[in-house]
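# Overview (structure and organization)
Take a look at the letters that make up each chain.
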Amino acid sequence: MEYTYLGKSGMKVSKLCLGTMNFGPETDEKESFRIMDAAVDAGVNFFDTANVYGGQGNKGRTEEIIGRWFAQGGGRREKVVLATKVYGDMDNVSDGPNRSSGLSAYKIRRHLEESLRRLNTDHIELYQMHHVDRNVSWNELWEAFQVQVNQGKIGYVGSSNFAGRDLVKAQYEAKERHVLGLVSEQHKYSLLCRLPELEVLPAALEHGIGVIAWSPLDGGLLGGNALKASGGARSTRSQERVEANREKLERFSNLCREIGESEANVALAWTLMHPAMTAPIIGPRTMEQFQNTLRAVDIKLSEETMKHLDDIFPGPGGDAPQAYAW
């Protein structure tokens, strides 16, 4: 496994991040434990979750599974850089009129305490805002997070689904308060979703924010099996997306066969080629899926292959404003 610093922080994380969203809804606890043990054994030290993960009517279940895995001991907690998120409403937290999604200081404090309890730990290395909340001032946000940092309950603050302007604003306001600011931004990014190259990735790179790519396989479309599946459990929407991208996916599969690598690993390796990228999130449902992704960090795509990928999956044309202006 290879490691890198998380943004401008001094914390090192693996270049693959284990996403746990399937733990509970798709993957039972026993298999989830096996995957997490295998991840640690393989050197994957970066685990990502969220308080709302767990499935319909079971929000928090994924954090509870991770907490019970930690409780087995054997140094499991000490081997993991743990990341979770706050923003959404929780079924089992009585917030009254404050139950709706958001990032008030009130909500951050209450939901952090609940995450710590479910995760069976007294601290979280990376606490992420799951979405931007423009109804809350950065005065309130940075004060709320700094209280938790000072109390040792969180180590660093990250964001998710922020626009470029939100990242810049966050760092400006942090500097005014002489605090570290954001160290990460978790953002949707893949060969089929390259819009972040316009604003988000350049802003993150300039301001010392490590990018964590969610859905780097774009919901499985880039995983290699999309063209083989038909009907069955695949939703109508998924089938429509496959048909809309069939030509690109077929060209992509042909290219991967030529270079002798799986589609999933090429898609993951491609995200790691961007200088702003810390790690793509892998979200395995099974042990086999997890093990198959480990090779991605060893793949170094040639300049020729990168050009072929640009031809198949055109990006926005570069950074803004050069991508759309002189």
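Right, let's walk through the structure included here. (Residues numbered from 1 in each chain as written. Predicted model: local features only at pLDDT ≥ 70, side-chain atom pairs only at ≥ 80, totals over all residues. Heavy atoms only, no water.)

For the protein chain, the helix and strand inventory stands at 11 helices and 10 strands. For 326 residues, the compact-globule formula gives about 20 Å, and the C-alpha radius of gyration of the protein chain, at 20 Å, lands near that figure. Expressed along its principal axes, the backbone C-alpha trace of the protein chain runs to roughly 55 × 55 × 35 Å. The buried share among the 326 residues of the protein chain stands at 51%. In the protein chain, the proportion of contacts linking residues at least 24 apart, taken out of those at least 6 apart, comes to 75%. Carbon and sulfur atoms make up 47% of the accessible area of the protein chain, which totals about 15,000 Å². The protein chain carries 38 positive and 43 negative side-chain charges, and their two centres are separated by 2 Å. (Helix = DSSP H or I, 4+ residues; strand = E, 2+ residues; numbered from the N terminus. Rg over C-alpha atoms; globule rule 2.2 N^0.38 Å. Buried < 20%, exposed > 50% of the residue type's maximum accessible area, 1.4 Å probe, protein only. Contact = heavy atoms within 4.5 Å. Areas by Shrake-Rupley, 256 points an atom, 1.4 Å probe, with all protein chains shown as cover. Lys, Arg positive; Asp, Glu negative; His and termini not counted. Charge placed at Lys NZ, Arg CZ, Asp CG, Glu CD.)

Pairing in this closed barrel of 8 strands is parallel, and the strands run β3-β4-β5-β6-β7-β8-β9-β10 around the ring. Pairwise comparison of adjacent strand axes, ignoring direction, gives a mean angle of 25° for this sheet. Of the pairings in the sheet, the one linking strand β5 (residues 81-86) to strand β6 (residues 124-129) comprises 4 bridges and is parallel in character. Looking at β6, one finds that Lys85 is bridged to Gln128. In the packing of helix α4 (residues 138-150) onto the sheet, contacts are made with β6, β7 (154-160) and β8 (182-188), and the angle to β7 comes to roughly 145°. (Pairing = 2+ DSSP bridges. Axes fitted to C-alpha atoms, helices over the stretch in contact; angles between N-to-C directions.)

Topologically, Leu221 is positioned in the loop between β9 (210-214) and α7 (236-244). In this structure Leu221 comes out as buried when scored by relative accessible area, which is 5%. Along the primary structure Leu221 and Asn245 are separated by 24 residues, whereas in three dimensions their C-alpha atoms are 8.8 Å apart. When sequence neighbours within four positions are dropped, the list of residues in contact with Leu221 reads Leu192, Ala226, Arg241, Val242, Asn245 and Leu249.

Counting through the fold element by element, Asn245 comes out in the loop between α7 and α8 (246-259). Once residues within four sequence positions are removed from consideration, Asn245 is found in contact with Leu192 and Leu221.

With that out of the way, let us pick up the pairing of β8. Burial analysis of β8 places 6 of its 7 residues in the buried class, which makes it a mostly covered element. One ladder, built from 4 bridges, connects β7 with β8; its direction is parallel. By the bridge assignment for β8, Val157 is matched with Leu182. Between the parallel pair β7 and β8, the chain is carried across by helix α5 (residues 164-176), and the sense of this crossover is right-handed. When β8 meets β9, the two strands line up parallel, connected through 5 bridges. Across the sheet, Lys188 pairs through a bridge with Trp214, a residue of β9. With helix α6 (residues 200-206) bridging β8 and its parallel neighbour β9, the resulting β-α-β unit is right-handed. (Right-handed = clockwise from strand over helix to strand, strands pointing away.)

Here we take up the side chain of Ser32. Position of Ser32 among the secondary structure elements: in helix α1 (residues 29-41). Leaving out residues up to four positions away in the same chain, Ser32 has contacts with Phe23, Gly24, Thr27 and Ile65.

With that settled, the discussion passes to the packing of aromatic side chains. According to the stated counting rule, one finds 8 aromatic pairs in the structure shown. Ring centres of Trp138 and Phe162 lie 6.5 Å apart, and the angle between their planes is 65°; on these two criteria the pair is classed as edge-to-face. A residue pair is termed long-range when its members are at least 10 positions apart, and Trp138 in helix α4 and Phe162 in the loop between β7 and α5 qualify at 24 residues. Across this residue pair, the class does not change: Trp138 and Phe162 are buried. Among the aromatic residues, those joined into a ring-pair cluster are Tyr127, Trp138, Trp142, Phe145 and Phe162. It is Arg77 that lies over the ring of Phe70; its NZ or CZ is 5.2 Å from the centre. (Phe/Tyr/Trp six-rings, centres within 6.5 Å; stacked < 30°, edge-to-face > 60°. Lys NZ or Arg CZ within 6 Å of the ring centre and 35° of its normal.)

The element helix α2 (residues 61-70) is extensively covered by neighbouring structure, given that 7 of its 10 residues are classed as buried. Within α2, the full set of buried residues consists of Thr62, Glu63, Ile65, Ile66, Gly67, Trp69 and Phe70. In this structure, the buried residues of α2 make contact with α1, β4 (46-48), β5 and α3 (105-119).

Here the focus is unusual backbone geometry. Here the amide bond leading from Ala320 into Pro321 is cis, since omega sits at 0°, within 30 degrees of zero. Of note in this structure, Asn161 is not a glycine but carries a positive phi near 65°. With respect to the helices and strands, Asn161 occurs in the loop between β7 and α5. Positive phi is not limited to glycine here, since Asp218 has a value of about 50°. By secondary structure assignment, the location of Asp218 is in the loop between β9 and α7.

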